[in-house]
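# Structural overview for review
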Amino acid sequence: MQVTGKCLCNQVTVAFDSNKVLSTHHCHCKDCQRSTGAGKATILYLPKKHLTLSGQLKFYEIKGKLGLRVNRGFCDNCGSGVLSFTKEFKNLFFIKAGILDDSSWVKPQSNFFVSAASNWNRPEAELKHYQGNPGFFENLTAIIRSL
Ligand SMILES: [Zn+2]
Ligand SMILES: [Zn+2]
C-alpha cells in the first residue's frame, strides 16, 4: 500500500510503500522523548531507497546510547521531526509514524529503552520489551541484506 506523510507546515512530504517497512518499534529513550516532546517516538525502519522525500530537512547529529552517530531530521520551517538515520548505517531510515497521513496500518512490534519509559507513558505489556535497543543489532544482518 502506498502511504504518504508530511510535516506540520507541509514543506516536507514523504511517500513509500508500506510493504517495504522492515519493522516498527516504540522508542522510549530520553533522546526520543526530548526530540518529540512526547513519551516516546514510534519509528518505522525503512530502507532509504524506498523513500520518496521532498522538501528541506535540517539534521541534528547526536551520539546515541550505542555510540552510533544519530542524525535527526526535522523540517527547517516548522520543526516537526520527520526521520532519522545513523552515519554508520545511512541506508536505513527511521521514519516517525506520527507524520503519516494515515497510520492506522502501523503495528509496533516492540518497545526499546523501557528502562527510560516515563510512568505517564508505560510501554504496552503485550509487546516485546527491551531495556535498551538490542533489536537493532539482532535485526542488523537481515536489515543490511535488504538495503
Ligand atoms: Zn514543516
Ligand atoms: Zn529513542
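Presented here is an overview of the structure given in this document. (Residues numbered from 1 in each chain as written. Chains lettered and ligands numbered in written order. Predicted model: local features only at pLDDT ≥ 70, side-chain atom pairs only at ≥ 80, totals over all residues.)

To continue, consider the pairing of strand β1 (residues 2–6). Here β1 shows one buried face, formed by V3 and G5, and one open face, formed by Q2, T4 and K6. As paired elements, β1 and strand β2 (residues 13–17) share five bridges and run antiparallel to each other. Its bridge partner being in β2, Q2 is matched across the sheet by D17. (Buried ≥ 20, exposed ≤ 12 C-beta atoms within 10 Å, placed from the backbone. Helix = DSSP H or I, 4+ residues; strand = E, 2+ residues; numbered from the N terminus. Pairing = 2+ DSSP bridges.)

For the rest of this paragraph, the subject is the environment of T52. Structurally, T52 can be placed in strand β5 (residues 52–54). Taking the C-alpha atoms as reference, T52 lies 37 Å from N119; in sequence the two are 67 residues apart. Here T52 is in contact with V14, A15 and F16, once residues within four sequence places are set aside. (Contact = placed C-beta atoms within 7 Å.)

Time to look at the nonpolar core. Within the largest apolar cluster, 28 residues are counted, with the highest numbers of intra-cluster contacts made by C27, I43, V82, L83, F93, F94 and I95. Secondary-structure elements contributing two or more residues to this core are β2, β4 (41–47), β7 (69–75), β8 (81–86) and β9 (92–96). (Core = buried A, V, L, I, M, F, W, Y, C linked by C-beta atoms within 7 Å.)

On to unusual backbone geometry. Although it is not a glycine, N10 adopts a positive phi angle of roughly 75°. Examined against the element boundaries, N10 turns out to sit in the loop between β1 and β2. The phi angle at F113 is positive, at roughly 55°, despite the residue not being glycine. Relative to the elements of secondary structure, F113 occurs in the loop between β10 (110–112) and β11 (128–129).

Attention now moves to the pairing of β2. Here β2 shows one buried face, formed by V14 and F16, and one open face, formed by T13, A15 and D17. Bridge analysis of β2 against β5 gives three bridges, and the strand direction is antiparallel. By the bridge assignment, A15 is partnered in β5 with T52.

With that settled, consider the sheet that holds β11. Read across the open sheet, the eight strands follow the order β6-β7-β8-β9-β4-β3-β10-β11; overall the sheet is mixed. The outermost strands of the open sheet, each flanked by one partner alone, are β6 (57–63) and β11. Sheet topology places strand β3 (residues 23–27) next to β10; three bridges connect them, and they run parallel. Paired with C27 across the bridge in β10 is F112.

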